[in-house]
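Topology and contacts: notes
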Amino acid sequence: MSVTSVDKDLDRLTLTLIADFSAPVEEVWQLWADPRQLERWWGPPTYPATVEDHDLTPGGEVTYFMTGPEGDKHRGWWRITSVAPPSSLEFTDGFADEEGTPAPTMPTTTVRVQLTEHGDGTRMEIRSAFDTREQMEQLMTMGMEEGLKGAVGQMDGLLAG
């Protein structure tokens, strides 16, 4: 598995995942930039994603839903704040209701993805920042850490194929 570390920092309200891949930065970037590639790994293995909108420009949005094993759908959205292909992406990540409207009662996170050359491959850092400790604890209880590790763990197979 490519995930080399996960650090929960309750004082800084961050969750940071580091993963190393034996693929060039540009290939790892494509897993974010291509909506068909993104839906092959975004979300835990038992909750595959379907990307509906995919606009990786500042102010753009990505909307998607994940389908659970029982056919249940869980919607989410990203609002892109900055992008510098092929090395970085920053967005606000949130939950949506059944119609795809952002759910105001659910927490959002600010996510920064950084891709850098590392040895013969790429190091990816995904840092999620939370507004409050309560929001961080709520998302950890909902399985965010395990879900992110499982999702990123699917990237190796895509890069090898």
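Here the structure is shown first, and the text comes after it.
Going along each chain's sequence as written, the residues are numbered from 1 onward. Reporting of local features is limited, given that this is a predicted model, to residues whose pLDDT is at least 70; pairs of side-chain atoms are given and counted only at 80 or more, and all residues count toward the totals for whole chains, interfaces and linings. The basis for every side-chain value is the complete set of heavy atoms in the structure, and neither hydrogens nor water enter the calculation.

1. Section: the overall build of the protein
- Scanning the protein for helices and strands turns up five helices and eight strands.
- Ordered by position from the N terminus, the helices and strands of the protein form the series β-β-α-α-β-β-β-β-β-β-α-α-α.
- Note on method: radius of gyration uses C-alpha positions; expected globular size equals 2.2 Å times residues raised to 0.38. In summary, the protein has a C-alpha radius of gyration of 15 Å against a globular reference of 15 Å for 161 residues, a match within 12%.
- With the principal axes as the frame, the protein shows a C-alpha extent of 45 × 35 × 30 Å.
- Each residue is assigned to one of three classes by its accessible area relative to the maximum for its type, calculated with a 1.4 Å probe on protein chains only: buried under 20%, partly exposed between the two thresholds, exposed over 50%. Counting every position in the protein, which comprises 161 residues, the buried fraction comes to 42%.
- Expressed as a percentage of contacts within the protein between residues at least 6 apart in sequence, the contacts between residues at least 24 apart total 45%. Secondary structure elements are taken from DSSP: a helix is a run of H or I of four residues or more, a strand is a run of E of two residues or more, and numbering for both begins at the N terminus. Contacts are assigned to residue pairs that have any heavy atoms within 4.5 Å of one another.

2. Comments concerning the pairing of strand β6 (residues 88-96)
- Strand pairing requires that DSSP identify at least two bridges connecting the strands. Strand direction decides the pairing type here: strand β5 (residues 73-84) and β6, joined by nine bridges, are antiparallel. Looking across to β6, one finds that A84 is bridged to S88.
- Once β5 ends, the chain turns through three residues before running back antiparallel as β6.
- Sheet topology note: the β6/strand β7 (residues 109-118) ladder contains six bridges and is antiparallel. Counterpart to S88 in the pairing with β7 is Q114.

3. Focus: the packing of aromatic side chains
- Each aromatic pair joins two rings of Phe, Tyr and Trp (for Trp, the six-membered one) with centres within 6.5 Å, and gets the label stacked for planes under 30 degrees apart, edge-to-face for over 60, and tilted for any other angle. Counted under the stated rule, the structure contains eight aromatic pairs.
- Considering the side-chain rings of W42 and Y64, the 6.2 Å spacing of their centres and the 85° angle between planes classify their relative orientation as edge-to-face. Of this pair, W42 sits in the loop between α2 (35-38) and β3 (49-54) while Y64 sits in strand β4 (residues 61-67), and the two are 22 residues apart along the sequence.
- Ring pairs connect the aromatic residues W32, W41, W42, Y64, W78 and F91, which therefore count as one cluster.

4. Considering the pairing of β5
- In this structure, β4 lies alongside β5, joined through seven bridges in antiparallel fashion. Each residue of the ladder has a partner; that of M66, found in β5, is H74.
- What sits between the antiparallel neighbours β4 and β5 is a turn of five residues, in which G71 has the positive phi angle 85°.

Fair warning: the whole summary comes from geometry, so function is off the table for now.
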